[in-house]
Amino acid sequence: MSGRSASTKRLTPEEVRRHASAKDLFVIVHDCVYDITNFVEEHPGGTDVLLEFGGQDATEAFEEVDHSADARELLKGLQVGVLHSHVRCYAPFEIVARLAPH
Ligand code: HEM
């Protein structure tokens, strides 16, 4: 296999910041980069909040709302990369799994 898969592509914050419009929208959550362009219209919390965080780090806002496991699973399919300083990142559903008692 050659090259990196989409989910391990490394992006700088500057690169992520270029995707900040409704037609091309990335957000960072826990150092993972997600393309939420096709999800914006379906977001139960509305389009405005997502646009507000377009191209930026939405981790705190995402966690403050206490999103469900479904919301966390949803992000799984939307990952396009990882912040440049990281080899990999943990998606929100993985973080929950790691925090859960064994
Ligand atoms: C970036 C990825 C995001 C995804 C995939 C996502 C997904 C979802 C989903 C599936 C729900 C329905 C309730 C649930 O299952 O928890 C929801 C609700 C909500 N989200 Fe998000 N969300 C995201 C980001 C954000 C951000 C950055 C905010 C900023 C504050 C936000 C604010 C809300 C609010 C306020 C609700 C509650 C809506 C209501 O019940 O009336 N979300 N989100």
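Now for a quick tour of the structure. (Residues numbered from 1 in each chain as written. Predicted model: local features only at pLDDT ≥ 70, side-chain atom pairs only at ≥ 80, totals over all residues. Heavy atoms only, no water.)

Notes on the environment of V16
Now for step 1: Residue placement: V16 occurs in helix 1 (residues 13–17).
Now for step 2: We classify V16 as buried; its relative accessible area is 0%.
Now for step 3: For the pair formed by V16 and A71, sequence separation is 55 residues and the distance between their alpha carbons is 21 Å.
Now for step 4: Excluding residues that lie within four positions of it along the chain, V16 makes contacts with L11, F26, I28, V33, G55 and L83. (Helix = DSSP H or I, 4+ residues; strand = E, 2+ residues; numbered from the N terminus. Buried < 20%, exposed > 50% of the residue type's maximum accessible area, 1.4 Å probe, protein only. Contact = heavy atoms within 4.5 Å.)

Looking at the coordination of the iron atom of the ligand
Coordination angles at a metal have ideal targets, namely 109.5 degrees for four tetrahedral donors and 90 or 180 degrees for six octahedral donors.
Now for step 1: Protein-derived ligands of the iron atom of the ligand are H43 (NE2) and H67 (NE2), with the metal-ligand distances lying across 2.0 to 2.1 Å.
Now for step 2: By relative accessible area, H43 is classed as buried at 14%. (Donors = N, O, S within 2.8 Å, 3.2 Å for Na, K, Ca; no water.)

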